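A structural walkthrough
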Amino acid sequence: MHMHRLEKMWLTFGVAMLAVFLIVLGIGVFANGAQPPTTHAHGGHEKPAPELAEETAPFDKPGLHKIGDNEYKLVMVAIAFAYKPLEDKIVIPAGATVHFEVTSTDVVHGLQIPGTNVNMMAVPGETTNFTFTFKKPGEYLVLCNEYCGNGHEMMWTTITVA
Ligand SMILES: [Cu+2]
């Protein structure tokens, strides 16, 4: 097959740029030690046993904790195939700022509230943090958005903002 000299040069340039992109990405991720925005549930650098998450603070007491004036910490544990605290247990005053702290005890789950920008991964043995202010009263559906197994579709709960 005959290939024009300029076509060869252009193809070489394209492949070289792909290689440059992958090298830059590789340096950015591995050499600089890029990490997901999480902290270990047990502190320190050792990866903890995820099944111990429920015995370790703050995940030994899942639920809504008042930490300030109209400010709350919401500790949630994702377990195949439910969230702790269980349904109808989370009632938040309208206008409250909520600091989510989420973990998983088994596999990677998700925690999403459709219609808001609340969208987290619940990673075994890690803590995921997210802050959201619930301005409008109503019932907020909480869904798992990571396919976590055969009961994935049953994995939901609600947050009531009153
Ligand atoms: Cu799921």
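Residues numbered from 1 in each chain as written. Predicted model: local features only at pLDDT ≥ 70, side-chain atom pairs only at ≥ 80, totals over all residues. Heavy atoms only, no water.

1. With respect to the overall build of the chain
Within the chain one finds one helix and 11 strands. Taking 2.2 N^0.38 as the reference for a compact globule, 162 residues should give roughly 15 Å; the C-alpha atoms of the chain span a radius of gyration of 22 Å, well beyond that estimate. For the chain, the C-alpha atoms occupy an extent of roughly 70 × 35 × 35 Å along the three principal directions. Residues counted as buried form 31% of the 162 residues belonging to the chain. (Helix = DSSP H or I, 4+ residues; strand = E, 2+ residues; numbered from the N terminus. Rg over C-alpha atoms; globule rule 2.2 N^0.38 Å. Buried < 20%, exposed > 50% of the residue type's maximum accessible area, 1.4 Å probe, protein only.)

2. Some words on unusual backbone geometry
With an omega dihedral of 5°, the bond running from Ala80 to Phe81 counts as a cis peptide bond. Its place among the elements puts Phe81 in the loop between β3 (71-79) and β4 (82-84). A cis amide bond, omega 0°, links Lys84 with the succeeding residue Pro85.

3. Points about the pattern of salt bridges
Considering all chains together, one arrives at one salt bridge under this definition. With a shortest N-O distance of 3.9 Å, Lys61 and Asp60 are connected by a salt bridge. Given a relative accessible area of 55%, Lys61 falls into the exposed group. (Salt bridge = Lys/Arg side-chain N within 4 Å of Asp/Glu carboxyl O.)

4. Quick word on the packing of aromatic side chains
This model, assessed by the stated rule, comprises four aromatic pairs. Geometrically, the ring pair formed by Phe100 and Phe134 is tilted, given 6.3 Å between the ring centres and 55° between the ring planes. On the criterion of sequence distance, the pair formed by Phe100 in strand β6 (residues 96-104) and Phe134 in strand β9 (residues 126-134) is long-range, its members being 34 residues apart. Residue classification places Phe134 among the buried residues on the basis of a relative accessible area of 0%. (Phe/Tyr/Trp six-rings, centres within 6.5 Å; stacked < 30°, edge-to-face > 60°.)

5. Quick look at the coordination of the copper ion
Within the first shell, the copper ion binds the protein through Cys144 (SG), Glu146 (O), Cys148 (SG) and His152 (ND1), at distances of 1.9 to 2.5 Å. Relative to the metal, the four donor atoms surrounding the copper ion lie at angles of 83 to 123°, and the coordination shape comes out irregular. Sequence spacing of the donor residues for the copper ion, all on one chain, is C-x1-E-x1-C-x3-H. As far as the burial class goes, Cys144 and Cys148 line up, both buried. (Donors = N, O, S within 2.8 Å, 3.2 Å for Na, K, Ca; no water. Tetrahedral: all angles 85-135°; square planar, octahedral: opposite > 155°, others 65-115°.)

6. Thoughts on the pairing of β6
Within β6, seven of the nine residues are buried, which leaves it mostly tucked inside the rest of the structure. Bridging between β3 and β6 involves eight bridges; their strand directions are parallel. Bridge pairing links Met76 to Val102 in β6. With seven bridges connecting them, β6 and β9 associate as antiparallel partners. Bridging from a neighbouring strand, Val98 pairs with Phe132 of β9. (Pairing = 2+ DSSP bridges.)

7. A few points about the nonpolar core
With 25 residues, the main nonpolar core has Phe100, Leu111, Phe134 and Ile159 as its most contacted residues. Secondary-structure elements contributing two or more residues to this core are β3, β6, β8 (119-122), β9, β10 (138-143) and β11 (156-161). Leave out the neighbours within four places in its chain, and Phe100 touches Leu74, Met76, Leu111, Ile113, Val118, Met120, Thr128, Asn129, Phe130, Phe132, Phe134 and Ile159. (Core = buried A, V, L, I, M, F, W, Y, C linked by side-chain atoms within 4.5 Å. Contact = heavy atoms within 4.5 Å.)

8. Regarding a nonpolar patch on the surface
Taken together, Leu18, Phe21, Leu22, Leu25, Val29 and Phe30 make up a surface patch of nonpolar side chains, about 640 Å² in accessible area. The topology assignment puts Phe21 in helix α1 (residues 5-31). Classification of Phe21 as partly exposed rests on a relative accessible area of 49%. (Patch = residues over 30% accessible without salt bridge, like charges linked within 9 Å, V, L, I, M, F, W, Y side chains within 5 Å. Areas by Shrake-Rupley, 256 points an atom, 1.4 Å probe, with all protein chains shown as cover.)

9. Focus: the side chain of Thr157
Relative to the helices and strands, Thr157 is located in strand β11. Of the residues examined, Thr157 reaches a relative accessible area of 1% and is grouped as buried. Leaving out residues up to four positions away in the same chain, Thr157 has contacts with Met76, Tyr83, Pro85, Leu86, Glu87, Tyr140, Leu141 and Val142.

By themselves, these figures tell us nothing about what the structure is for.
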